[in-house]
Every structure is written in C-alpha cells, then in structure tokens.
Amino acid sequence: MNIYLPHSDGTTYLYELVNREPLPKPEKSSFHSRVAYSAAHVVADPFASNDPLQEPAIDWELTMQYRHYLWSLGMSVAEAMDTAQRGMGLHWEHAKELITRSVKEAKSVGGNIASGAGTDHLTPSPDVRVEDVIHAYEEQVAFVEGAGSKVILMASRALAACATSASDYEYVYNRILSQVSQPVILHWLGDMFDPQLAGYWGHENLDDAMDVCLRIIHAHADKIEGIKLSLLDDQKEITMRRRLPENVRMYTGDDFNYTPLIEGDSQGYSDALLGIFDAIAPAASSAFQALDQGDLETYRERLDKTTPLARHIFQKPTFAYKTGIVFLAYLNGHQPHFRMIAGAESARSILHFTKLFELADQANVLTDPELAIARMQPILELAGIKQLEVKK
C-alpha cells in the first residue's frame, strides 16, 4: 500500500495510503431526503477511431454500465451534460444516441434520468439570430422529450453570442418554456465552466443576471421543476434559493460548497446536480442515507472529507474538471484505460493526477486501494517516474 509519487522538481517521495481497505458499499441503495443527480461521464473507445479529436468514439457498453452503477447507489443521472464533455468533444449527434441508450437503460431498472437539451448543433457566428437559437432549442427539446426523458434546458453559447440585451433571453426562454410538455430543469452555468457563457442573462453583474433569471422562473413556475446553479458562489445560491417560487427546486451545481448547501438552513436547502458526484457517488449516497436518519454529524463527515478532492478536480481552468472525473473512474476500475474523447486526458499535468490520487485516498473514495496503486503506477512510469522496489 505504498507508491512513489513525484515532487514538482521530479524527485520522488514514498506515499503510504491512509485507507487500505476496499471502500465499503453504502448500507442501502436509496435515499429520500434530497434529490441527487450525478452528471455522468462517457467512456471513450480507444480502438474505434483513427481521429479521436474530430471523430470521437464511445464505448457504449462501459458507458451504460457506469450509469447502472450510479442508479444502484440511489443516484439520479443527468445525461449528456458538461461532465459528458457536451460541446467539448461530445457533439449533438453523439448526444442523441447517448440519451436514447440511457433512457432505455433507466427504464429497465426504474432509474431517474434527465437529459440536456441545448443549441450546441448551432455554431455561434455573426449570422446567427435569436430565432435560430429558438429553432435549435425546439429541435433538441423535442428530441429529449420524444426519447422519454425529462429535459434539462442547457445554457446556450449561441444565445450568449447573439443576444443584445436581457430581453432577448426572456424572449427565447418564454418561447421554449411555453412549449414544453412537462416541467424542466433550467441550467445556469458560470463562465468558469464555459468561458463562452460570460454575461449570460444579458448582464455581467451576477445580481442583475439573477433578476432576469428569476423573472423568467416566476413567469413560468408551472413549467420549471428547478434550476441548476453553477456559479461556485454559495452566498449567491442561497440568495437565489430564497427567492424561488415554492414549487421550484434549487439544484446546487457548486462543486466547492455542496455539503452546507445541500444540508440547508432554517429557510430551505438545495438538492443537487453535480459533476463531482460522478467521482464520489458511494460517499455521497452514504452521506444522504445518514441525512435521511437525521444524523447530520455523519452526513457532514462523509461529504466534508471529499471537499478537498472536489476543489482540486475543479481548480482553474475549471472546464478541465472532466479529466479528473475520468481519471478517478479509471483508478476505481470502471474502465480499463485512461483515454477520453477529444484527447481530453491531456488537459491536466502529472502533478495534478498525483495530488488527485492522494486526495482520493484521504477522502476514502478509492473503491479498491490496491487496484488504484496498480493503475497509478503505469501513468507515473509514462511520465518518467520510476517505481522503486518498496521494502516490506
């Protein structure tokens, strides 16, 4: 249970794992006090494409197996979202097949699923008009609803590029929300996750942007189940949460401050729609089961120790967090390789992976520590970090 890890100057040190036993499975496979969506990653097929940057290939069997793993822990699945590299390797044509396959699998086990509908098949350009954005949204919403999934109405790069004022956002969302057949989850993704979404809702100032978003929500409260907020600002989330209509949920997308936001306060709490839950699903499931029992101490302890790992995975540039999510899935044996669509495995350094390995151990989210060591070693060897014989 020891491994040689590198310092920044290339020298090595012997790291001794803190948690040496396999991660115990949660006591139960369900919880009820909160709704918890895990945005799920896709597994690349490294043998199926000669051009993984332009024509990425997906290993459908392993990708679906991972969703079954999440459902088995009581998690809901947020499909074809940012964590699945939507708009960063996963194109709309891939997303359609992913959604269709996942909905079928969800129905086979009674799993809860919601899927992203956006405008990513519409390339932002000076020629794109607001009406084009509406038509793009209509196409994707119709597909997701037709597939049998709840809709997550994703933020639109094309709208951010062509909108000239807040009224353009209100016009687009009013048009789409008036057409949906069942309540949707809105999606406000900050520019730290996607720089092309800067100034969303027509304002750079977050308070002004929030006012616009809330006007839309109150005008269509019967068509909105909730809003996923990913600003990495817990106070902004609490402020907005308290201003929502009673029937509209706040789904935290704050991968830094999820423990207190989900716990809540005397005025309410947040449910969750998080990318980090892909990586820490067993710990999260166990924490929610403790919350069901009113055991706040255990709830906090199980999630708090994952926070340093989450903050590391989601460090700037935040949009590269998918690399850490997939790396942990590789360490935990959910896929036999560390390759990603669009070559995104190269988005983080060997020092980042080294720290991730340590923090995953300390957070007790390594499913099998011995396997994790065996999988970490060849990654280090490829980076020129030799593994010396460890004396027993």
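Everything numeric here is computed off the predicted structure, so don't read it as measured data.

*Asks:* How should the overall build of the protein be read in this particular structure?
*Replies:* In terms of regular secondary structure, the protein is built from 14 helices and 10 strands. By the compact-globule yardstick of 21 Å for 392 residues, the protein fits well, its C-alpha radius of gyration being 21 Å. Expressed as a percentage of its 392 residues, the buried residues of the protein come to 57%. Expressed as a percentage of contacts within the protein between residues at least 6 apart in sequence, the contacts between residues at least 24 apart total 71%. Positive and negative charge centroids in the protein, built from 35 and 53 side chains respectively, lie 2 Å apart.

*Asks:* How should the pairing of strand β8 (residues 224–230) be read in this particular structure?
*Replies:* Two faces, one strand: in a regular strand the side chains alternate between the faces of the sheet. With seven of seven residues buried, β8 is to be regarded as a mostly interior element. Relative to β8, strand β7 (residues 184–189) runs parallel, the two being bridged by six bridges. Residue pairing in the sheet places L186 in a bridge with I227 of β8. The pairing of β8 with strand β9 (residues 249–252) spans four bridges and is parallel. Along β9, the bridge assignment pairs I227 with M250. One crossover worth recording links β8 to the parallel β9 by way of helix α7 (residues 234–241), and it is right-handed.

*Asks:* Just to check I follow, could you spell out the packing of aromatic side chains for this structure?
*Replies:* Any two aromatic rings considered together are summarised by their centre-to-centre distance and by the angle between their planes. Applying the stated criterion across every chain, the model contains 21 aromatic pairs. Where Y173 meets W201, the ring centres are 4.8 Å apart and the plane angle is 45°; that geometry is what we call tilted. Of this pair, Y173 sits in helix α5 (residues 166–177) while W201 sits in the loop between β7 and α6 (206–219); the two residues are 28 residues apart in sequence, bridging distant segments of the chain. Taken as a pair, Y173 and W201 share a single burial class, namely buried. Ring centres of Y200 and W201 lie 5.0 Å apart, and the angle between their planes is 75°; this geometry places the pair in the edge-to-face category. Comparing Y200 with W201, the two get one shared label, buried. One aromatic cluster is present, formed by Y137, Y169, Y173, W188, Y200 and W201 through successive ring pairs. Sitting above the plane of the F143 ring, K96 keeps its charged end 5.8 Å from the centroid.

*Asks:* Can you walk me through the nonpolar core in this structure?
*Replies:* Generally speaking, soluble globular proteins have nonpolar side chains that are buried together. Of all hydrophobic cores here, the largest spans 126 residues; its most connected members are Y173, W188, Y200, I276 and F277. Element by element, the count of residues in this core is highest for helix α9 (residues 276–292), at 11 residues. In this structure, A39, A78, Y251 and L273 belong to the second largest nonpolar core, which totals 10 residues.

*Asks:* Even after reading the chapter, I still don't get the pattern of salt bridges, so can you show me in this structure?
*Replies:* This structure, assessed with the given rule, holds 19 salt bridges. Residues R241 and D265 are paired through a salt bridge, measuring 3.5 Å at the closest nitrogen-oxygen approach. Of this pair, R241 sits in helix α7 while D265 sits in the loop between α8 (258–263) and β10 (271–274), placing them 24 residues apart in sequence. Taking the shortest distance from any N to any O, the salt bridge between K305 and E301 comes out at 3.4 Å. Given a relative accessible area of 40%, E301 falls into the partly exposed group. Residues joined by salt bridges that share partners form a network here, namely R241, R242 and D265.

*Asks:* Any chance you could explain the packing of helix α12 (residues 321–331) against helix α14 (residues 369–382) here in plain terms?
*Replies:* At a minimum axis distance of 8 Å, the contact between α12 and α14 shows a crossing angle of 120°. Taken as axis vectors, α12 and α14 run oblique relative to one another. Here α12 contributes F327, Y330 and L331 to the contact with α14, which in turn contributes L371, A372, R375, M376, P378 and I379.

*Asks:* How do you make sense of α6 when you look at a structure like this?
*Replies:* Every α-helical turn comprises 3.6 residues, leaving residues that sit three or four positions apart pointing alike. Given a rise of 1.5 Å per residue, 14 residues ought to cover 20 Å, and the 20 Å separating the end C-alpha atoms of α6 matches this to within 8%. Residues A209, M210, V212, C213, L214, I216 and I217 constitute the buried set of α6. Capping of α6 at its N-terminal end is provided by N205; its side-chain oxygen lies 2.9 Å from the backbone amide nitrogen of D207.

*Asks:* For this particular structure, what's the right way to read unusual backbone geometry?
*Replies:* Most peptide bonds take the trans form, and the phi angle of most residues other than glycine is negative. Note the cis peptide between K316 and P317, where omega equals -5°. Residue position: P317 is located in the loop between α11 (307–313) and α12. A positive phi angle, near 65°, is found at Q85, a position not held by glycine. The residue Q85 is located in the loop between β4 (76–79) and α2 (92–109) in this model. One non-glycine residue with positive phi stands out, namely W201, at about 70°.

What counts and what doesn't
- Residues numbered from 1 in each chain as written.
- Predicted model: local features only at pLDDT ≥ 70, side-chain atom pairs only at ≥ 80, totals over all residues.
- Heavy atoms only, no water.
- Helix = DSSP H or I, 4+ residues; strand = E, 2+ residues; numbered from the N terminus.
- Rg over C-alpha atoms; globule rule 2.2 N^0.38 Å.
- Buried < 20%, exposed > 50% of the residue type's maximum accessible area, 1.4 Å probe, protein only.
- Contact = heavy atoms within 4.5 Å.
- Lys, Arg positive; Asp, Glu negative; His and termini not counted.
- Charge placed at Lys NZ, Arg CZ, Asp CG, Glu CD.
- Pairing = 2+ DSSP bridges.
- Right-handed = clockwise from strand over helix to strand, strands pointing away.
- Phe/Tyr/Trp six-rings, centres within 6.5 Å; stacked < 30°, edge-to-face > 60°.
- Lys NZ or Arg CZ within 6 Å of the ring centre and 35° of its normal.
- Core = buried A, V, L, I, M, F, W, Y, C linked by side-chain atoms within 4.5 Å.
- Salt bridge = Lys/Arg side-chain N within 4 Å of Asp/Glu carboxyl O.
- Axes fitted to C-alpha atoms, helices over the stretch in contact; angles between N-to-C directions.
- Parallel < 35°, antiparallel > 145°, perpendicular 65-115°, else oblique.
- Expected span 1.5 Å × (residues − 1).
- Polar contact = N/O pair within 3.5 Å; in protein donor to acceptor, adjacent residues only side chain to side chain.

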